[in-house]
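Structural features, examined
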Amino acid sequence: MSTGAGERGGGEDLEEHQPRRTALRAARALRAAAGADAPATDLADRLAAAAAEALGAEGATISALFAPGMSVPVGVSDQVAARAEQLQFTAGEGPCWEAYRTGVAVVADLSDVPTSRRRWPAYARALQHETGYALVVAVPVRLASGLLVALNTYEASPAGPPWWLDASRVGAALGEVLDEASPPPSAGGAVWLDSSTTARRSTVWTAEAVLIDNAPFLDHDSALDALRTYSLIEGTTVDDAAAALLAGRLTTREVLGR
């Protein structure tokens, strides 16, 4: 298990923890959510909500790493959890990014202020201020297609029953459900990725293109860095800054600080 900020667990590895009723109940809940009579494009949202409820967490998001630095939310349990994902994407740091990088689950107690702010200073401050969350658990899941996703769960207080010990097993169940819901590559890709939650992140890639058009010395990485820097200074998110740029409420000069 990763040595995340304020890590909990007393030496117990998430992968070695014995199955418990909560994990089995969560797996059943995920399958029930997948089988619900609802649009396939809402599947990841339903799975995120089911995972949060079954684990006893306050919120959950499912994100996918399409390329280095290109993390996309594909499912959210609610708008507070959605904001938590946006804040981590804006900061470019946090438990989810570490889970992507290391391939192991990360349990981060952000109420341990000195440790969390030393490790993830921008993210830890913003998350607690805007969402009230203090415990973040990020579990990476590699799908059969090769796509790397992460189940991120959130709680306001690290105290209470250690529901997070079941997170890795729930992540494994999530991977099975998403694999089953994914058509073969010849059929055109995973329908559950074509969600409104996913589409909202596309404004960032469009905003990058606008910045590059107006400032040709930028490439996609530096354009995203510029959006992140502007957002952190102004106390907003990259998603909101991108939407403002596309709507004409923000200019390239303002983003670049010129």
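Structure's up top.
Given the structure is predicted, the values throughout are model-derived calculations rather than measurements.

Helix and strand content of the chain: 11 helices and five strands. Evaluated residue by residue, the chain yields a buried proportion of 50% over its 258 residues. If you take every contact in the chain between residues at least 6 apart in sequence, the share linking residues at least 24 apart comes to 66%. Here the chain has roughly 11400 Å² of accessible surface; of this, 52% comes from carbon and sulfur atoms.

Before going further, it helps to spend a moment on the nonpolar core. Of all hydrophobic cores here, the largest spans 39 residues; its most connected members are Tyr123, Leu127, Leu227 and Val255. Apart from residues lying up to four places away in sequence, Val255 is in contact with Leu211, Ala226, Leu227, Tyr230, Leu245 and Leu250. Listed in part, the 37 residues of the second largest apolar core include Leu30, Ala105, Val137 and Val170.

Right, let's get into the pairing of strand S2 (residues 70-76). For S2, a buried count of six out of seven residues is recorded, marking the element as mostly surrounded by other parts of the structure. As defined by bridge partners, strand S1 (residues 59-67) adjoins S2 across six bridges and the pair is classed as antiparallel. Following the sheet pairing, Ile62 is matched in S2 by Gly75. Between S1 and S2, which pair antiparallel and follow one another directly, the connecting turn spans two residues, one of which, Gly69, has a positive phi of 85°.

Below, the discussion takes up the packing of helix H8 (residues 196-214) against helix H10 (residues 238-247). For the pair H8 and H10, interaxial distance at closest approach is 8 Å and the crossing angle is 55°. As summarised for this structure, H8 and H10 are arranged oblique, according to the angle between their axes. Considering the relative orientation of H8 and H10, their crossing is left-handed. Where H8 abuts H10, its residues Arg200, Arg201, Thr203, Val204, Thr206, Ala207, Val210 and Leu211 lie against Val238, Asp239, Ala242, Leu245 and Leu246.

Overall, the coordinates contain four aromatic pairs when judged by the stated rule. Between Tyr133 and Tyr154, the ring centres sit 5.0 Å apart and the planes meet at 15°, which makes this aromatic pair stacked. Of this pair, Tyr133 sits in the loop between helix H6 (121-131) and strand S4 (135-142) while Tyr154 sits in strand S5 (residues 148-155), placing them 21 residues apart in sequence. Both residues of the pair, Tyr133 and Tyr154, count as buried. In this structure, Arg201 packs its charged tip against the face of Phe89, placed 3.9 Å from the ring centre. For the cation-ring pair, Arg228 lies above Phe89, with the distance from its terminal atom to the ring centre recorded as 4.8 Å.

Using the criterion set out here, one finds five salt bridges in the structure. Residue Arg201 pairs with Asp239 through a salt bridge whose shortest N-O separation is 2.8 Å. Taken together, the positions of Arg201 in helix H8 and Asp239 in helix H10 put the pair 38 residues apart, joining distant regions of the chain. Look at Arg201 and you get buried, because its relative accessible area is 1%. Among the ionic contacts, a cluster of salt bridges with common partners joins Arg83, Glu130 and Asp240.

The sheet contact formed by S1 and S5 spans seven bridges and is antiparallel. Bridge pairing links Ala60 to Thr153 in S5.

Let us now look at the sheet that holds strand S3 (residues 106-109). One open sheet accounts for five strands, arranged S2-S1-S5-S4-S3; its pairing is antiparallel. Edge positions in the sheet fall to S2 and S3, since each of these pairs with one other strand and no more. Averaged over all neighbouring strand pairs, the angle between strand axes comes to 25°, with direction disregarded. Running over the sheet, helix H7 (residues 167-181) touches S1, S4 and S5 and is turned about 40° from S4.

Scoring rules and cut-offs
- Residues numbered from 1 in each chain as written.
- Predicted model: local features only at pLDDT ≥ 70, side-chain atom pairs only at ≥ 80, totals over all residues.
- Heavy atoms only, no water.
- Helix = DSSP H or I, 4+ residues; strand = E, 2+ residues; numbered from the N terminus.
- Buried < 20%, exposed > 50% of the residue type's maximum accessible area, 1.4 Å probe, protein only.
- Contact = heavy atoms within 4.5 Å.
- Areas by Shrake-Rupley, 256 points an atom, 1.4 Å probe, with all protein chains shown as cover.
- Core = buried A, V, L, I, M, F, W, Y, C linked by side-chain atoms within 4.5 Å.
- Pairing = 2+ DSSP bridges.
- Axes fitted to C-alpha atoms, helices over the stretch in contact; angles between N-to-C directions.
- Parallel < 35°, antiparallel > 145°, perpendicular 65-115°, else oblique.
- Left-handed = near helix turned anticlockwise from the far one by under 90°.
- Phe/Tyr/Trp six-rings, centres within 6.5 Å; stacked < 30°, edge-to-face > 60°.
- Lys NZ or Arg CZ within 6 Å of the ring centre and 35° of its normal.
- Salt bridge = Lys/Arg side-chain N within 4 Å of Asp/Glu carboxyl O.

So, to be careful, I would describe these as geometric facts and stop short of saying anything about function.
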